[in-house]
Amino acid sequence: MNHLDNLSDIDAANVVRCARTLLRRPLLRSDGPDGELLSLVYRHRATLQDLFAGLLGYRLVVERRFARLYKSGPGHDDTRGVLSMSPRGYAYLALTLAVLTGIGRQTLLSRLVADIRSAAVEAGIDAPDDVTERRALTAALRHLVSLGVLQETEGSVAQDMIPQEALITIDTDLLGQLVTGPVGEAQDPAHLVELAARPGPRGVEHAVRRKLVETPLVLYADLPDDQAEWLRRNQRKETALLEQAFGLYTECRVEGVLAADPEDFLTDLSFPGVSTVARIALLALPDLVEGDEEDPPARHVVTTERIGEVCAALVEDYPAAWSKQFTDDLDRLVAEVTELLRRMGLAVQTDEGWSISAAAHRWLPSPDGDPEREQPEPVVVPEVPSWSLFDEENVS
């Protein structure tokens, strides 16, 4: 890679900082999070555009007010979605974008909601006016507000869409940059998902490198044969490249490659964590991967019932350590634990239950000991020396 070779150390460090920020915030605007870096992105826009195009096959648009990194679509991998958005919320997001393209620069919230519901009917989507639907629609609108596409000029988009009026201003420049998939080429929604997930111009190279950058764990068993072969052959080169360009550190193992950010800036989902779900997921891992033979497989299959048994045992053994909302609802606890492991790339649902990645061994907790079995160490009284360096051997 020679994208940074001709730059001074300071400029190279600034380009890496900008690249990391754009990976974390593909729509970077001056009045949004990390917006103070936009001027730096604009200054180094040519280098950044070459870097993203060459390494990942991504297109970068940089203007004075915003920068937009056009990433590839996730395909059928839904772990890259916004945590606050349900599938229904994404449906309303698509409907809202369709409505906004012809609504002008300002509109009333009531009219926008009415137009969205009309668009749903036109698209053959059932959109009843109940609490669940209102929450999904609110999540879609709030997400567009967080991106700066919608601005609450007067009033606000309230939770559950409680009836109240608001004046909404649409940033049409950002709206035009929002959609990354080739909508004009797609024949239907499934085709759009497929087209948006196409690899870059360099095929296998771009496809594998995108996985390394966008997901925390890449297993050879999950890759097509040509991609797995390419990654095995280029492990060392990719390690140096990802560290130089994006500040990522990779760990190469027999089963695959893990890319980690030591600063946690690119981490949108942390594990382990302090919540009840995160702690139980961590403590459940030893029992979920036990029984592996001397040469363990890339994934270890366990049943949902087994996960339930492990979670139930942890709740029973330490009842005061967990949030009551989960101890009273074991099914919900199991569902959220498996969902967390799935989003982390540590679990994949199968016909038999769940397939736990061998990478889970990385997080196996090492307890300090069993308090009931531990005995206090005996107190050792140091022997007091009878002779000091300050004493004289022969006193006359």
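Worth saying up front: this structure is predicted, and the values here are computed from it rather than measured. (Residues numbered from 1 in each chain as written. Predicted model: local features only at pLDDT ≥ 70, side-chain atom pairs only at ≥ 80, totals over all residues. Heavy atoms only, no water.)

Caption draft 1: Here's a closer look at the confidence of the model for the protein. Here the protein averages 85 in pLDDT, and 88% of its residues register 70 or above. Contacts of residues 371-375 to residues separated by more than four positions or lying in other chains number two contacts, the stretch itself having pLDDT below 50. When the criterion is pLDDT under 50, residues 386-396 qualifies, and its contacts beyond four places in sequence or with other chains add up to two contacts. (pLDDT = per-residue confidence, 0-100. Contact = heavy atoms within 4.5 Å.)

Caption draft 2: Here's a closer look at the packing of aromatic side chains. Within this structure, the stated rule accounts for one aromatic pair. Sitting above the plane of the Tyr70 ring, Arg59 keeps its charged end 4.1 Å from the centroid. Across the ring face of Tyr220, the terminal group of Arg232 is positioned such that the distance to the ring centre comes to 4.1 Å. (Phe/Tyr/Trp six-rings, centres within 6.5 Å; stacked < 30°, edge-to-face > 60°. Lys NZ or Arg CZ within 6 Å of the ring centre and 35° of its normal.)

Caption draft 3: Representation of the sheet that holds strand β9 (residues 256-260). Spatial strand order, β7-β9-β8: three strands in an open sheet with antiparallel pairing. Each edge of the sheet is formed by a strand with only one pairing partner; in this case those strands are β7 (217-219) and β8 (249-252). Strand after strand, the sheet turns through a mean of 15° between neighbouring axes, direction not considered. Pairing of β8 with β9, which is carried by four bridges, proceeds in the antiparallel orientation. In the sheet register, Glu251 faces β9, and the bridge partner there is Leu258. (Pairing = 2+ DSSP bridges. Helix = DSSP H or I, 4+ residues; strand = E, 2+ residues; numbered from the N terminus. Axes fitted to C-alpha atoms, helices over the stretch in contact; angles between N-to-C directions.)

Caption draft 4: Quick peek at unusual backbone geometry. Notably, Asp34 is not glycine yet its phi reads approximately 60°, a positive angle. The residue Asp34 is located in the loop between β1 (27-29) and α2 (38-43) in this model. The phi torsion at Asp264 lies on the positive side, around 65°, for a residue other than glycine. The topology assignment puts Asp264 in the loop between β9 and α12 (276-288).

Caption draft 5: Up close: the pattern of salt bridges. If you walk through the whole model with that rule in mind, you get 23 salt bridges. Where Asp173 meets Arg65, a salt bridge forms, and the shortest distance between an N and an O atom there is 3.4 Å. Separated by 108 residues along the polypeptide, Asp173 in helix α7 (residues 172-178) and Arg65 in the loop between β2 (59-62) and β3 (66-70) bring together distant segments of the chain. Overall, the relative accessible area of 39% leaves Arg65 in the partly exposed class. In this structure, the salt-bridge partner of Glu205 is Arg202, at a minimum N-O distance of 3.4 Å. Accessibility expressed as a relative area gives 46% for Arg202, which makes it partly exposed. Ionic contacts of the salt-bridge type, sharing partners, join the residues Arg202, Glu205, Arg209 and Glu238 into one network. (Salt bridge = Lys/Arg side-chain N within 4 Å of Asp/Glu carboxyl O. Buried < 20%, exposed > 50% of the residue type's maximum accessible area, 1.4 Å probe, protein only.)

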